[in-house]
Structures are given as structure tokens and as C-alpha cells.
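# Inside the fold
Letter by letter, the chains look like this.
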Amino acid sequence: MQVIRSLSQMMQLNYPLGKSVGFIPTMGYLHRGHLSLVEASKKECDITVVSIFVNPAQFGPREDLSSYPRNIDRDLKQLEKLGVDYVFIPSEGMIYPEGFNTWVEVKALSEILCGNSRPGHFKGVCTIVLKLINVVRPDKMFMGEKDYQQLMILKKMLRDLNLRTRIVCCPIVRETDGLAMSSRNSYLSTADRALALSLYNALMQAKKAVSEGKTDAHMLIALAKQTIRIAGANVDYVEILDSRDLSEQETIDEHSRMLIAAYVGNTRLIDNLSLSSGE
Ligand code: PAF
């Protein structure tokens, strides 16, 4: 495994002719969710590249940039074990040199859900991901469904900007009790860890209600909000949207997806689930 810390070295890297390149962009502090993306890339592509960069541009002024968990040594050990070919670890100055002033924004899709509570967040995500794609030049980029809105926005960006990289969506990896894996779970106290499960419980409750014939999105949303509030967490949003384009739905169909964001103490968590019985 080669660790590359220089932008020009990564840009000039010559991949062997005809070999496919899989890419997993990360902010480090890797968990089993990230590792499942690496495994998917190893299966589908000849060469696997992982980047580690805590991107300041996607954090708001009152968010957790300075406390975001980091452990590069542990990350590198895990990636080496999985047989990753290259790990790209740029510095902030390389990515955002003095005078940097070009931003990429996917309108509309970035203004709902998390974009509403975290203004500018997706502009930061799109800009860094486009820059990383330009540097790494992957055929496929592997991303988890946990950040479902991010996935949809990045797909749209790749289409709108005619990039040849394709996104491969991978399922959410959960703890045995259902909590979605997230680097931010490390912030949770034991008591908060129990509250955090209310997001998953609310999703499963909605899925069960749909399987029993309930189809009114407003009713299902109200029920989910109540479950989260009763547990003691603060709802940011609960929505049921069409999983293909994140448009609003009144009535459940096979494309319905419930998306949740909630604060457990000071930690903002997100989760989502398809409400269709087939998934
Ligand atoms: O999902 C993440 O970890 C980040 O948003 C990403 C895609 C690595 C961009 O910084």
C-alpha cells in the first residue's frame, strides 16, 4: 500500500493501462461502513484508492470541525489489511491554497433536508469530491447509502458535469442493534447511545406500518417524530421522499424512502430506510 501526501504525485500517478480504478473518499476515522466500501471496490475494480481528508469547507462555523475524530495510524492499518493500493492524504493547504475561490453547487437538491439545517454543507462536499475525482481519476466511486442525500447530489453533479466516474451505492452498515455506523457515534455517551437507537426504531416502525397497509406519508412521519421525541432526542427532520429524485410524497409507493436527522445531545445523527417491502 502506498501512502501519497503530495497532490502532484497523486495527479501524475500512472495506473497500469486497462486497469479499472475504484475510489472511496473519506474523512478518516474509519469504521466498518467505510471498510465495506473498500471491500466492494476490491471486488469490482483492479486498483483501489482511498482518500482521507477532513474537509473544512463542509463544516459550518458552529459545527464540529476541530473535534471531528481522527486516527490516521489506525486508519492506515485497517486499509493495509484490506489490500488497498493507494491512500491519498492531502493537506488543507494543497486542497484550498491561498486565493482558492471556485465552488461547485447542485441547486435545489442541496437546499432541502440536511442542506436546510447545514447551509453551505453540500457546496463544500461537491467541491471537494469534484477536486478529488479530478486528482484520483477513478472509474467508480463507492459511497454508502447512509448519506443518501449526499449520494443523490453527487450523482446529479457527475451527470450534470459530464464526468465519466460512476457512483456505486452500497448499503448502510449497522451495529447489531441497528444503529447506523458513523464516525460521529464516537461522540455518544452510553446514555446517548441508547437514545440514538430511536432513529432506527422510528424507521423500522414506519416500515412495519407500511407492510401492514398504511400509506399516508403524513401519518407515518408524525408517528416517527413521536417515537424519536418520546425517546428524548430532538428531531431535525423526518421526511418521506421518492428515492429516485428526493421529491415529496403524499402516499407510499415502492420508491418511498424515510429520511431522518435528529440531535442526540449535541450530536447530529442521520439515518434512512426504504419503506418498500422488496428492500
Ligand atoms: O461522506 C463523507 O465522508 C464526506 O462528505 C466526503 C464524501 C468524504 C467528502 O468530504
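To be clear, the structure that these remarks concern was listed above.
The shown structure was predicted, so the numbers you read here are calculated from the model rather than taken from an experiment. (Residues numbered from 1 in each chain as written. Predicted model: local features only at pLDDT ≥ 70, side-chain atom pairs only at ≥ 80, totals over all residues. Heavy atoms only, no water.)

## What about the environment of S211?
Examined against the element boundaries, S211 turns out to sit in helix α8 (residues 190-211). The exposure class of S211 is exposed, given its relative accessible area of 59%. In this structure the side chain of S211 is engaged in a polar contact, spanning 2.6 Å, whose partner is the backbone oxygen of K208. (Helix = DSSP H or I, 4+ residues; strand = E, 2+ residues; numbered from the N terminus. Buried < 20%, exposed > 50% of the residue type's maximum accessible area, 1.4 Å probe, protein only. Polar contact = N/O pair within 3.5 Å; in protein donor to acceptor, adjacent residues only side chain to side chain.)

## Considering the environment of Y68
Along the polypeptide, Y68 turns up in the loop between β3 (47-52) and α3 (72-81). C-alpha separation for the pair Y68 and A191, spaced 123 residues apart in sequence, amounts to 20 Å. When sequence neighbours within four positions are dropped, the list of residues in contact with Y68 reads M27, V54, F59, S183, R184 and Y187. (Contact = heavy atoms within 4.5 Å.)

## Some remarks on the packing of helix α6 (residues 121-136) against helix α7 (residues 148-160)
In the contact formed by α6 and α7, the axes pass within 11 Å of each other and the chain directions differ by 55 degrees. Judged on the interaxial angle alone, α7 and α6 are oblique. In this structure, α6 crosses over α7, and the sense of that crossing is right-handed. Of the residues in α7, those touching α6 at F122, V125, C126, V129, L130 and I133 are Q149, Q150, I153, L154, M157 and L158. Its residues placed into classes, the contact of α6 with α7 shows ten nonpolar, two polar and no charged. (Axes fitted to C-alpha atoms, helices over the stretch in contact; angles between N-to-C directions. Parallel < 35°, antiparallel > 145°, perpendicular 65-115°, else oblique. Left-handed = near helix turned anticlockwise from the far one by under 90°. Nonpolar A, V, L, I, M, F, W, Y, C, P; charged D, E, K, R; others polar.)

## Some thoughts on α3
Within the sequence span of α3, burial applies to D75, L76 and L79. Axial view of α3: buried residues confined to an arc of 95 degrees, hence all on one face. Projecting away from the buried face of α3 at angles above 90 degrees are the exposed residues D73, K77 and K81. The inward-facing, buried residues of α3 abut β1 (2-4), α2 (32-44), β3 and β4 (86-88). (Arc of directions from axis to C-beta.)

## Describing the sheet that holds β3
Here six strands make up an open sheet; going across it, the order is β1-β4-β3-β2-β5-β6 and the pairing parallel. Each having just a single partner strand, β1 and β6 (166-170) make up the two edges of the open sheet. Averaged over neighbouring strand pairs, the angle between their axes works out to 25 degrees when direction is ignored. Examined bridge by bridge, β1 and β4 share three bridges and lie parallel to one another. Residue pairing in the sheet places V3 in a bridge with V87 of β4. Along the sheet face, α2 touches β2 (21-26), β3, β5 (140-144) and β6 and points at about 150 degrees away from the line of β5. (Pairing = 2+ DSSP bridges.)

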